[in-house]
Amino acid sequence: MKLTLNIWRQESQSTTGAMKNYVIDNVSEDMSFLEMLDVLNEELIEKGEDPVAFDSDCREGICGMCGLVINGQAHGPEVTTTCQLHMRSFKDGDEITIEPWRAEAFPVLKDLCTNRESLDRIIQAGGYISANTGAAPDAHANLVPKDNADRAFMGAECIGCGACVAACPNASGMLFMGAKITHLGELPQGQPERDARVVSMVDQHDAEGFGGCTNLGECSRACPKGIPLNVISQMNRDLLRAKSHGK
Amino acid sequence: MHADIVGRASDYLPNVTCNITFVATSTVSSTTRNGPSTIALKSLMAITGLIFIGFVLAHMYGNLKIFAGEAAFNEYAEHLRELGEPLLPHEGMLWILRIVLILALVGHAYSAFALWSRASNARKSRYAVTKAAKSMFVSKAMRWGGVALLLFIVFHILHFTTNTIQVNGDYDNPADRLVSSFELWWVVLIYLFAVAALGMHLLHGVWAAGMTLGLNTSAKAAERLRIAAILVAVVTVVGYILPPLAILFGIIP
């Protein structure tokens, strides 16, 4: 396949970037999207040009490190992570626009790499449980009904890639937050800190400069793990409950 | 506070000559937020929105009185002014309701503009390519449609409440005012557009209010909420377009 790539190039956080055009030939449809970029980078390095910086780590769709907006869609046209997107989803002669996640809370570090520490700080604000360290307790010491365990696991599937923020017209981080709050809120271990968790996380979210949710569902459609919109409603309910408890 | 491990790899591994700086954890920056949380604003929007839904349905019931005849319509209008008498003065209850609605309008518009501004500050650099997502239309319909409804409300009050704008002569009773106005096709057209905007606003608004108030926590609840939104929107649109159309086509003389 021969492709035309429009890629966002930005030297550093303090400089302004611009789209730049590249033509790449001999792309196999069996390549992953990131392998296609690897090939482009090898060509750029041979020519003595600066390779395109992008984030990736596990390349098996479980770590949440990669993430590109491809033709206006977070992680591209399939419901998966960028690393698990393959070139068979594109046609010979296609023009592909590749941009970083765009949100004030995710400043661009270089080219397609963004700083997503704001998500880490939201987790640090309350996305944890307190537990005694040492010998692990018996797995069946706390009984959890199957439905609750399933819903907790659904929330726990979030890999923190930030596609929800990238896809949201308001650059809101509420699907990410809702997933964690639902995950911990469905389990007995999450109950002691349940009220404080939602209050602190929402405060941190707003302080990081994310926008508010308008219940459109773009986040859920872009989520590579298919996390449903109802986790946001769960978070809203938890916050109202915490406020009614005077938190 | 978190104990941070900050340093160079060579501090810990003397034989390694690399120069990688690593930070195990970054501490939580102190939270400084201006004003109420986004969810508090959303809740204000949802609760004031529910007040408007109640008002819109009650107003629709009053409009439909025109089908029971001019006398019934005028009596209903007069009754609204006598509501609560003799405990309340004449028009007392009407003014209480008007004040509640004005406060709700201020709250609804304030939270809308505050959230709108926060959302545009959250993404200052725009995407070069945006996939025309279906939800973008709904989103624009909520914000610009809301502004359109606000302008319509001003026009509507000047038209029927204060009688400042007289489109087809001066009449002193409400039924005559209604019938004379909707005999003009362009007045009907303005109201049809406004009702369409209201219908779209409700279709997303009912759903969003339910989401914000924590009523959607399962697939089944989502289904119920969607049905409720469609029901409220359809009932409102049909209930509001019937009187003007009936007048325009001469069904109501």
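Residues numbered from 1 in each chain as written. Chains lettered and ligands numbered in written order. Predicted model: local features only at pLDDT ≥ 70, side-chain atom pairs only at ≥ 80, totals over all residues.

1. Regarding the overall build of chain A
Piece 1. Across its full length, chain A carries eight helices and seven strands.
Piece 2. Overall size of chain A, expressed as C-alpha extent along the three principal axes, is 60 × 35 × 35 Å.
Piece 3. Taken across its 247 residues, chain A has 45% of its residues classed as buried.
Piece 4. In chain A, the proportion of contacts linking residues at least 24 apart, taken out of those at least 6 apart, comes to 71%. (Helix = DSSP H or I, 4+ residues; strand = E, 2+ residues; numbered from the N terminus. Buried ≥ 20, exposed ≤ 12 C-beta atoms within 10 Å, placed from the backbone. Contact = placed C-beta atoms within 7 Å.)

2. Structural notes on the overall build of chain B
Piece 1. Summing up its helical and strand segments, chain B has eight helices and two strands in all.
Piece 2. A buried classification covers 22% of the 253 residues belonging to chain B.

3. Re helix 6 (residues 174–181) of chain B
Piece 1. Considered for burial, the residues of helix 6 of chain B that qualify are P174, A175, R177, L178 and S181 of chain B. Each buried residue of helix 6 of chain B sits inside an arc of 165° when the element is viewed along its axis, so together they form one side. (Arc of directions from axis to C-beta.)

4. With respect to the interface of chain B and chain A
Piece 1. Tallying the contact residues gives 42 residues for chain B and 42 residues for chain A.
Piece 2. At the level of secondary structure, the elements contributing two or more residues to the side of chain B that touches chain A comprise helix 2 (38–64), helix 4 (92–122), helix 5 (134–161) and helix 7 (185–212) of chain B.
Piece 3. Broken down by class, the residue content of the side of chain B that touches chain A amounts to 19 nonpolar, 17 polar and six charged. (Nonpolar A, V, L, I, M, F, W, Y, C, P; charged D, E, K, R; others polar.)

5. A word on helix 2 of chain B
Piece 1. With 27 residues, helix 2 of chain B should reach 39 Å at 1.5 Å per residue; the first-to-last C-alpha distance of 39 Å fits that figure.
Piece 2. If you follow the buried residues of helix 2 of chain B, they end up packed against helix 6 (194–207) and helix 8 (230–244) of chain A together with helix 4 and helix 7 of chain B. (Expected span 1.5 Å × (residues − 1).)

6. Observations regarding the environment of Q191 of chain A
Residues and elements named next belong to chain A.
Piece 1. Within the fold, Q191 resides in the loop between helix 5 (174–185) and helix 6.
Piece 2. Residue classification places Q191 among the partly exposed residues on the basis of 13 C-beta atoms within 10 Å.
Piece 3. Distance in space between the C-alpha atoms of Q191 and I129 is 8.7 Å, their sequence separation being 62 residues.

7. Focus on the sheet that holds strand 3 (residues 69–70) of chain A
The pairing of strands in a sheet comes from backbone hydrogen bonds and takes either a parallel or an antiparallel form.
Residues and elements named next belong to chain A.
Piece 1. Pairing within the open sheet is mixed, and its five strands lie in the order 2-1-5-3-4. The two strands at the open ends of the sheet, each matched to only one other strand, are strand 2 (18–24) and strand 4 (73–74).
Piece 2. Sheet topology note: the strand 1 (residues 3–9)/strand 2 ladder contains seven bridges and is antiparallel. When the sheet's bridge partners are listed, W8 is paired in strand 2 with M19. (Pairing = 2+ DSSP bridges.)

8. Things to note about the nonpolar core
Piece 1. Counting 75 residues, the largest nonpolar core has A103, C164, V165 and L175 of chain A as its most contacted members.
Piece 2. If one sorts the elements of this core by residue count, helix 7 of chain B sits on top with eight residues.
Piece 3. For this core, the domains that each give at least three residues are domain 1 (3–110) and domain 2 (117–130 + 142–244) of chain A.
Piece 4. Judged by nonpolar contacts, the second largest core, of seven residues, contains I66, F73, A175 and L178 of chain B. (Core = buried A, V, L, I, M, F, W, Y, C linked by C-beta atoms within 7 Å. Domains from an automatic or database assignment.)

9. Points about the environment of G178 of chain A
Residue and element names in this part refer to chain A.
Piece 1. Its place among the elements puts G178 in helix 5.
Piece 2. A residue is classified by how many C-beta atoms lie within 10 Å of it, and G178, with 30 of them, is buried.
Piece 3. For G178 and D147, which are 31 residues apart along the polypeptide, the C-alpha to C-alpha distance reads 18 Å.
Piece 4. Ignoring anything within four residues of it in the chain, the contact list for G178 reads V231, I232, Q234 and M235.

10. Regarding the confidence of the model for chain A
Piece 1. Per-residue pLDDT for chain A has a mean of 96; in total, 100% of the residues score no lower than 70.
Piece 2. Helix 5 of chain A holds the highest mean pLDDT among the elements of chain A, 98, whereas helix 7 (residues 218–222) of chain A holds the lowest, 94. (pLDDT = per-residue confidence, 0-100.)

11. As for the packing of helix 2 (residues 117–126) of chain A against helix 6 of chain A
All names here are of chain A.
Piece 1. Running from N to C, helix 2 and helix 6 cross one another at 155°; their axes reach a closest spacing of 7 Å. In terms of their interaxial angle, helix 2 and helix 6 are classed as roughly antiparallel. In the crossing of helix 2 with helix 6, the sense of the turn from one axis to the other is right-handed. Together, R121, I122, A125 and G126 of helix 2 and A196, R197, S200, M201, Q204 and H205 of helix 6 make up the contact between the two elements.
Piece 2. Residues belonging to the contact of helix 2 with helix 6 are distributed by class as follows: four nonpolar, four polar and two charged. (Axes fitted to C-alpha atoms, helices over the stretch in contact; angles between N-to-C directions. Parallel < 35°, antiparallel > 145°, perpendicular 65-115°, else oblique. Left-handed = near helix turned anticlockwise from the far one by under 90°.)

12. Re the environment of A128 of chain B
Piece 1. Checked against the element boundaries, A128 of chain B lands in the loop between helix 4 and helix 5.
Piece 2. For the pair A128 of chain B and L94 of chain B, spaced 34 residues apart in sequence, the C-alpha separation works out to 52 Å.
Piece 3. For A128 of chain B, the contacting residues outside a window of four places in its chain are M19, T97 and E99 of chain A.

13. Brief notes about the domain arrangement of chain A
Residues and elements named next belong to chain A.
Piece 1. In terms of domains, chain A is made up of domain 1 (3–110) and domain 2 (117–130 + 142–244).
Piece 2. A straight line from the C-alpha centre of domain 1 to that of domain 2 covers 28 Å.
Piece 3. Counting residues at the interface gives 18 residues for domain 1, matched by 17 residues for domain 2.
Piece 4. The residue inventory of the side of domain 1 that touches domain 2, partitioned by class, reads nine nonpolar, seven polar and two charged.

14. Here we look at the packing of helix 2 of chain B against helix 8 (residues 219–248) of chain B
Residues and elements named next belong to chain B.
Piece 1. The geometry of helix 2 relative to helix 8 is characterised by a closest axis approach of 9 Å and an angle of 30° between their N-to-C directions. Both helix 2 and helix 8 take part in a crossing whose hand is left-handed. Residues I53, V56, M60, N63 and L64 of helix 2 pack against V232, T236, G239, Y240, L242 and P243 of helix 8.
Piece 2. Of the residues that constitute the contact of helix 2 with helix 8, the class distribution is eight nonpolar, three polar and no charged.

15. Overview of the pairing of strand 1 of chain A
Piece 1. Looking at chain direction, strand 1 of chain A and strand 5 (residues 95–99) of chain A are connected through four bridges and run parallel. Within the sheet, the bridge partner assigned to I7 of chain A lies in strand 5 of chain A and is I98 of chain A.

16. Quick notes on unusual backbone geometry
Piece 1. Along the chain, E85 of chain B connects to P86 of chain B via a cis peptide bond; the corresponding omega equals 5°.
Piece 2. With respect to the helices and strands, P86 of chain B occurs in the loop between helix 3 (70–82) and helix 4.
Piece 3. Although it is not a glycine, N71 of chain A sits at a positive phi angle of roughly 50°.
Piece 4. Examined against the element boundaries, N71 of chain A turns out to sit in the loop between strand 3 and strand 4.

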